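Examining the three-dimensional arrangement
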Amino acid sequence: MKRALGPALKILALRMPALAIPVLAIPTLLFSGTMRAADAPVVVTSIKPIHSLVSAIMQGVGEPELIVDGAASPHTYNLKPSNARALQDAKVIFWVGPGLEAFLEKPLQALGRDASIAALDDAPGLVKLPFREGGAFEPHDDAPEHESASGQHDEADAAHDADPGHASDHDHDHDHDHDHDTFDTHLWLDPMNAKAMAAMITTTLVAADPANALTYQGNAKALDDRLDALDTEIKGMVAPVKDKPFIVFHDAYQYFEHRYGIRVAGSITVSPETIPGAERVSEIHRKVGELGATCVFAEPQFEPRLVNVVIEGTRAKSGVLDPEAATLKAGPDLYFNLMRGIANSMKDCLSSA
């Protein structure tokens, strides 16, 4: 019996390590995977362009949540219960500020008390342009290319060299004074402003999650380089058509216009929340004829029939611009697709007109 059992025991002993390793490894792998997910802070972002910048900086760490998803617009958005839960669970929240996402101001006060809240319209180095009055505005003169809301002139590349180490890393008090009533809040439509925002995003994430600081900082450097390349690319794309005047649905493109020297002749409405009256539409219709505007651009979220009324009886063509990325898939590449999409739409419509 001893001689019979000996070989059998040896075979069993040889098989045991092979059987035991995967059994022991499975819970270990599951545990380590759970720990990796738990290490990522819960980060919530307001709109797609901001979500894209945050996603690029968080690559390899986690994925931020997005509030205004799909084709929704921050101008008309109503907060959902799932959005409220996300804000309540968040460790970090990024938004442009109350001038753009007014629907978030009170929820942030009530639900975001435990989060680090970064209003990116406070980012150091931002170029801020004042609101323009009226739907039909005159072409820009050759005065300083950028002017901040406070009246101080900023160089076009003021945000270019923004240092992430110098951005503010404090939690924002929502009772502090904002000058959001005095400047256009579509700040992201200048890649140099996107760089300034990315610097503040990086600083905020590093402060909230120092364990992943090196990843955030490395991603931020790569994003910075991509934004520089994008800026050069767009300059080349719009250069052949930048002197052709056109009309936009609402006045959301000042930053793109100033950065690249394009000629927006007017907007159908100042604010997309307000449907323009017959007098405003007639005024823009006259402007199209007087200036010889070659294109009138609609937006995906808003009523396109107004554009058809404006171009009726003129030689102008219609196109579509998407400043808030309503038709684009959220993610780290969205910002680049958004900016290239605007440049391509302008180039295609204006060069064929």
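My aim in this report is to walk through the structure given alongside it, one point at a time. (Residues numbered from 1 in each chain as written. Predicted model: local features only at pLDDT ≥ 70, side-chain atom pairs only at ≥ 80, totals over all residues. Heavy atoms only, no water.)

1. A word on the overall build of the chain
Helices and strands together make up the secondary structure of the chain, namely ten helices and ten strands. The burial tally for the chain puts 48% of its 353 residues in the buried class. Here the chain displays about 17000 Å² of accessible surface, and carbon together with sulfur accounts for 55% of that area. (Helix = DSSP H or I, 4+ residues; strand = E, 2+ residues; numbered from the N terminus. Buried < 20%, exposed > 50% of the residue type's maximum accessible area, 1.4 Å probe, protein only. Areas by Shrake-Rupley, 256 points an atom, 1.4 Å probe, with all protein chains shown as cover.)

2. Some remarks on the nonpolar core
One finds Phe94, Phe246, Phe256, Tyr335 and Met346 to be the most contacted residues of the largest nonpolar core, which totals 80 residues. Here this core gets ten residues from one element, more than from any other, and that element is helix H10 (residues 334-352). Non-local contacts of Phe94, meaning those with residues more than four positions away in its chain, are made with Val43, Val44, Thr45, Ser46, Ile50, Val54, Ala118, Leu120, Ile201, Thr204 and Leu205. (Core = buried A, V, L, I, M, F, W, Y, C linked by side-chain atoms within 4.5 Å. Contact = heavy atoms within 4.5 Å.)

3. Some points on the packing of aromatic side chains
Evaluated as defined, the whole model comprises four aromatic pairs. Across the ring face of Phe183, the terminal group of Lys128 is positioned such that the distance to the ring centre comes to 4.5 Å. Here the basic side chain of Arg226 rests over the ring of Phe336, its NZ or CZ set 3.8 Å away from the ring centre. (Phe/Tyr/Trp six-rings, centres within 6.5 Å; stacked < 30°, edge-to-face > 60°. Lys NZ or Arg CZ within 6 Å of the ring centre and 35° of its normal.)

4. Looking at the sheet that holds strand S9 (residues 295-298)
Here four strands make up an open sheet; going across it, the order is S8-S7-S9-S10 and the pairing parallel. At either margin of the open sheet sits one strand with a lone partner, and together these are strand S8 (264-269) and strand S10 (317-320). On average, each strand axis in the sheet is tilted by 25° relative to the strand beside it, whichever way the strands run. Across three bridges, the pairing between strand S7 (residues 246-250) and S9 is parallel. By the bridge assignment, Ile247 is partnered in S9 with Val296. (Pairing = 2+ DSSP bridges. Axes fitted to C-alpha atoms, helices over the stretch in contact; angles between N-to-C directions.)

5. Re the sheet that holds strand S4 (residues 116-119)
If you walk across this open sheet you meet the four strands as S2-S1-S3-S4, and the pairing is parallel. Edge positions in the open sheet fall to strand S2 (65-66) and S4, since each of these has one partner strand only. Sheet analysis places strand S3 (residues 92-95) next to S4, joined by four bridges and oriented parallel. Paired with Ile93 across the bridge in S4 is Ile117. Running at roughly 150° to strand S1 (residues 43-45), helix H2 (residues 48-58) makes contact with S1, S2 and S3 of the sheet.

6. Describing the pattern of salt bridges
It is possible for side chains bearing opposite charge to pair when their charged atoms get close. Using the criterion set out here, one finds eight salt bridges in the structure. The salt bridge partner of Asp225 is Lys221, with a shortest N-O separation of 2.8 Å. Placement of both Asp225 and Lys221 in helix H6 (residues 213-238) is noted, with a separation of four residues, approximately one turn of the helix. Judged by relative accessible area, Asp225 falls into the partly exposed class, the value being 39%. The salt bridge partner of Asp231 is Lys235, with a shortest N-O separation of 3.4 Å. (Salt bridge = Lys/Arg side-chain N within 4 Å of Asp/Glu carboxyl O.)

7. Structural notes on unusual backbone geometry
Positioned with a positive phi, Ala325 is a non-glycine residue whose angle comes to about 65°. Relative to the elements of secondary structure, Ala325 occurs in the loop between S10 and H10. Judged by its relative accessible area of 0%, Ala325 is buried.

8. Points about the pairing of S8
The buried fraction of S8 is high, at six of six residues. Of the pairings in the sheet, the one linking S7 to S8 comprises four bridges and is parallel in character. Note on S8: the bridge partner recorded for Ile247 is Gly266. Taking the sense of rotation as the criterion, the β-α-β connection linking S7, helix H7 (residues 254-260) and S8 turns out right-handed. (Right-handed = clockwise from strand over helix to strand, strands pointing away.)

9. With respect to empty space enclosed by the protein
Evaluated as defined, the whole model comprises one cavity of 30 Å³ or more. Taken as a whole, the largest cavity spans an internal volume of roughly 40 Å³. Ile47, Lys48, Pro49, Val68, Gly70, Ala72, Pro74 and Glu324 together form the lining of the largest cavity. (1 Å grid on protein atoms, 1.4 Å probe; cavity = no way out; pocket = protein on both sides within 12 Å on 5 of 7 lines; lining within 4 Å. Points joined across faces, edges and corners; volume = space filled by probe spheres on them.)

10. Some remarks on helix H8 (residues 278-291)
Given a rise of 1.5 Å per residue, 14 residues ought to cover 20 Å, and the 20 Å separating the end C-alpha atoms of H8 matches this to within 8%. All buried positions along H8 are accounted for by Val281, Ile284, Lys287 and Val288. End-on view of H8: buried residues confined to an arc of 115°, all on one side of the axis. Across from the buried face of H8, at angles greater than 90 degrees, the exposed residues are Ala278, Glu279, Gly289 and Glu290. Summarising the contacts, the buried residues of H8 are in contact with S7, S8, S9 and helix H9 (305-311). At the exit of H8 stands Gly292, carrying a positive phi of roughly 65°. (Expected span 1.5 Å × (residues − 1). Arc of directions from axis to C-beta.)

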